[in-house]
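The chain contents come next:
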Amino acid sequence: EGMALPQRTVFPQEKICMGWQQTPGAGLFNLGNTCYINVILQCLTHTPPLANYLLSYQHSQSCQQQGFCMMCTMEAHVRKVLCSSASAILPGAVLRDLKFIGEEFEYGRQENAYEFLRCTLKAMHRACLSGHRDLDVSSKETTIIHQIFGGFMKSRVTCLSCQAVVDSYKAFLDVSLDIRAASSLTTVLEDCVTPKQLDQKECFRCSKCKKKAAAFKKVTVHRAPRVLTLCLERADQWTGTKISKFVEYPEYLDLRPYMSDTAGEPLLCSLYAIVVHSGDTCLEGHFLCYTKASNGLWYKMDDESVDNCDIHTVLGQQAYLLFYAR
């Protein structure tokens with residue numbers, strides 16, 4: 001459908017295992033403004049297909065990378081968290097190599113959990129490509145990271161002069177959502193897939209009728225990821241102030257209405273982790289998370305503290321990040 005097929009596959013998707021049998025892992029000590037690191041490490045540790053892969057030692061057994069490797073670092077961390085008898089551990093290796101994960105991160109300074117998530121996934125993706133040379137762009141998007149977290153958006157622009165359509169595709173590892181005018185996640189997603197007329201400043205020139213014409217643009221999820229990561233933007237892009245309102249989100253989300261093909265069977269995703277930011281401004285405060293174990297129970301993870309909670313508590317939070325698994 002216009003998308004370039006990969007010439008080679010780095011990691012075959014049929015090897016991904018979505019089910020798992022793990023009790024909740026240990027808590028993580030906060031060494032001063034490291035809560036943004038702790039919540040992302042916990043959410044990734046409790047992502048079943050990623051944890052299954054890391055616990056299998058598949059990466060480290062074949063890793064040829066010299067020096068820092070984010071996959072090897074995460075493999076050791078996940079094993080330590082899920083297999084430790086301690087109630088809390090120190091994520092020392094991650095803190096020590098913070099600069100390799102993202103140059104902007106400075107130890108001891110409060111940072112943004114969403115930015116740390118993005119940098120961590122990119123660092124893991126780069127590590128998966130180590131040793132693979134001369135890969136085309138589509139082949140690079142077949143690492144275990146893209147096979148788990150990656151999807152494709154389809155952008156369709158329709159010329160209102162001659163009705164010609166132009167389709168383009170873009171890979172993503174997460175989706176950021178504007179919640180300023182929304183009361184629920186479903187209303188945000190419905191707005192995202194609603195066709196919008198392009199601003200005259202965008203000057204769409206139709207390749208068919210060769211005119212600068214008015215046009216509509218519609219963005220849909222063309223290929224859904226196995227794990228969908230959503231960021232509810234809590235920083236107002238105009239004022240910089242924090243958006244503290246509650247946005248309703250479901251335990252089970254059907255992605256089908258937001259797909260390019262809306263006629264298929266329901267595409268159900270189950271919520272398994274959320275990140276919450278507490279504080280009056282986006283530049284200060286505290287991050288904590290809630291994760292779901294394989295026994296179906298939810299746990300509140302606040303640095304070294306890990307406590308049982310129920311789904312009603314989870315669904316009542318001012319969520320910042322949402323993690324859904326197919």
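Since this is a predicted model, take the numbers as computed values, not measurements. (Residues numbered from 1 in each chain as written. Predicted model: local features only at pLDDT ≥ 70, side-chain atom pairs only at ≥ 80, totals over all residues. Heavy atoms only, no water.)

Participant: Now, about the packing of aromatic side chains: what can you tell me, with residues and values included?
Facilitator: Summed over all chains, the structure comprises eight aromatic pairs. Seen in terms of ring centroids, Phe105 and Phe116 are 5.5 Å apart; in terms of plane orientation they differ by 65°. Their pairing is edge-to-face. Of this pair, Phe105 sits in the loop between helix H6 (98-101) and helix H7 (113-129) while Phe116 sits in helix H7, placing them eleven residues apart in sequence. Comparing Phe105 with Phe116 shows no difference in burial state: the two are buried. One aromatic cluster is present, formed by Tyr36, Phe105 and Phe116 through successive ring pairs. (Phe/Tyr/Trp six-rings, centres within 6.5 Å; stacked < 30°, edge-to-face > 60°. Helix = DSSP H or I, 4+ residues; strand = E, 2+ residues; numbered from the N terminus. Buried < 20%, exposed > 50% of the residue type's maximum accessible area, 1.4 Å probe, protein only.)

Participant: Now, about the layout of surface pockets: what can you tell me, with residues and values included?
Facilitator: One number sums up the size of the largest pocket: a volume of about 1000 Å³. Residue composition of the lining of the largest pocket, grouped by class: 20 nonpolar, nine polar and 13 charged. Within this model, the second largest pocket holds a volume of roughly 520 Å³. Taken together, 25 residues make up the lining of the second largest pocket; nearest its centre are Met3, Glu141, Gln147, Phe152 and Arg223. For the lining of the second largest pocket, the secondary structure elements donating two or more residues are helix H8 (137-140), helix H9 (144-149), strand E3 (151-159) and strand E4 (165-172). Among the elements that make up the lining of the second largest pocket, the one with the highest residue count is E4 (three residues). (1 Å grid on protein atoms, 1.4 Å probe; cavity = no way out; pocket = protein on both sides within 12 Å on 5 of 7 lines; lining within 4 Å. Points joined across faces, edges and corners; volume = space filled by probe spheres on them. Nonpolar A, V, L, I, M, F, W, Y, C, P; charged D, E, K, R; others polar.)

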